[in-house]
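# An overview of the molecular structure
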Amino acid sequence: MIPFIDLHAQRQRLGQPLEDAILKVVRSGAYVMGPEIGQLEAALRDFGQAPHALTCGSGTEALVLPLMAWEIGPGDAVFCPSFTFAATAEVMPLVGASPVFVDVLPDTYNIDPAKLEAAIHAVKAAGELTPRAIIAVDLFGQPADYPALAAIAAKHGLKLIADSAQGFGCTLDGHHPLHWADVTTTSFFPAKPLGCYGDGGAVLCKDARLYDLLVSLRVHGQAVASDLEGRTFDHDPKYLNMRVGMNARMDTIQAAVLLQKLAIFPDEIEARGRVAARYAEGLGDVVGVPRVIAGGVSVWAQYTIQTDDRDGLAAHLRSQEIPTAVYYPVPLHRQGPYADYPQPGGLPATEAAAERVIALPMHAYLQPDVQDRIISAIRNFVKRNG
Ligand SMILES: *Cc1c(COP(=O)(O)O)cnc(C)c1O
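Right, let's walk through the structure included here.

Conventions adopted
Residues numbered from 1 in each chain as written. Predicted model: local features only at pLDDT ≥ 70, side-chain atom pairs only at ≥ 80, totals over all residues. Heavy atoms only, no water. Helix = DSSP H or I, 4+ residues; strand = E, 2+ residues; numbered from the N terminus. Rg over C-alpha atoms; globule rule 2.2 N^0.38 Å. Buried < 20%, exposed > 50% of the residue type's maximum accessible area, 1.4 Å probe, protein only. Contact = heavy atoms within 4.5 Å. Expected span 1.5 Å × (residues − 1). Arc of directions from axis to C-beta. Polar contact = N/O pair within 3.5 Å; in protein donor to acceptor, adjacent residues only side chain to side chain. Near = heavy atom within 4 Å. Areas by Shrake-Rupley, 256 points an atom, 1.4 Å probe, with all protein chains shown as cover. Nonpolar A, V, L, I, M, F, W, Y, C, P; charged D, E, K, R; others polar.

### Focus: the overall build of the protein
- When you go through the protein residue by residue, the secondary structure sums to twelve helices and eleven strands.
- Taken over C-alpha atoms, the radius of gyration comes to 21 Å for the protein, in line with the 21 Å a tight globule of 386 residues would show.
- Structurally, the protein occupies a C-alpha span of about 75 × 60 × 35 Å along its principal axes.
- By residue count, 54% of the 386 residues in the protein fall in the buried class.
- Restricting to contacts in the protein with at least 6 residues of sequence separation, those with at least 24 account for 73%.

### Quick notes on helix H2 (residues 35-47)
- With 13 residues, H2 should cover 18 Å at 1.5 Å per step; its first-to-last C-alpha distance of 19 Å lies within 8% of that length.
- Buried within H2 we find Glu36, Ile37, Leu40, Glu41, Leu44 and Phe47. Along the long axis of H2, the arc covered by the buried residues comes to 140°, so they all point the same way. Exposed side of H2, more than 90 degrees from the buried face: Pro35 and Asp46 are the residues found there.

### Some details on the side chain of Thr184
- Tracing the sequence through the fold places Thr184 in strand E7 (residues 183-187).
- A distance of 3.5 Å separates a polar side-chain atom of Thr184 from the backbone nitrogen of Leu178.
- Those residues within four positions of Thr184 in sequence are excluded, and the remaining contacts are Ala162, Ser164, Pro177, Leu178, Ala202, Val203 and Leu204.

### Here's the deal with the site of the ligand
- Taken together, 14 residues form the shell around the ligand, and within it Gly59, Thr60, Asp163, Ser187 and Lys192 come nearest.
- Interatomic distance of 2.7 Å between a side-chain N/O atom of Lys192 and an oxygen atom of the ligand.
- Within the complex, the protein chains bury 94% of what would otherwise be the 390 Å² of accessible surface of the ligand.
- Of all the elements in the fold, those that place two or more residues in the shell around the ligand are helix H3 (59-69) and helix H4 (87-95).
- By residue class, the composition of the shell around the ligand is four nonpolar, eight polar and two charged.

What follows is the structure, given as structure tokens:
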């Protein structure tokens, strides 16, 4: 099998400095909140045009922390797509709130602003839940329609989260999603465009008070500088707990890995773009190739095509040692834990996409000759099957 994502090629490129960086942490003994954590947070601020960046233990924690900071809970509605990874919707029940599923645009797979607006009106009219926030997902690597989403969020007084676990590094008209969103979250799971060697995540935000709360929530609600203003505490403020938080820290070793990887990430984003362009050119006339929003730059977490006979194509490619994957065969609103949450207006575009999508090998190190083999295998299959 050729690799679906080639982390080995990337490791070869990173070479000895990567291994040295890991060993340095091992030898330092600063396994939790070591100096690499602060260095990575500074690098993420730079990279992401963000006033504040906070590392955490996963992309799921990155989503739950701002919901906790805003005290979103029972009786509250958070709007999100159903055509996404489970974590996007999972964090609402985790804090006691309700996800409200909104359909996606059929061409970009990202949340449909018109359907979102209709869903907000429907929830308000039903009167059972209080709309509090929107989680837009940069699915498969491309930015959601943030100018439209931010206008809707402002109009209805809602917080806007960009779940950029797949899209970290994507831009729209030269801006990262945080330009419009209150918060951007990402995941550094190894298979994401920017991944570490285990689990990791980050929250980027603009508001200093929110950042303070996130810092506190990351470590069991411990007192932060703003909590201590005007009061005296004779002990280590580490043991002054102001709110219910949790342990959501990133391991220092993962920060050391990410510092190395972030340095080559802009170059990798360009390489991913070249791979995507070659697929589009080679396949655009035989299958449905992805469309990117005008002004958008995708980081191509996945290269997802659409075809009538997805299972047949997958089997044909597998026989030629070419792996594929389906993201996502069953949308969240069709799955047990999420089936009873509101889905005003239905989700026809989501259901249609779930039947037809299939993702091809995509990474920055996909060589043109290997890619051409994938392209001709797909063309042959389509030709043979009419
Ligand atoms: C991967 C992913 C997450 C969760 O990230 P973890 O680090 O695995 O917790 C959240 N949202 C989306 C869209 C994802 O793809």
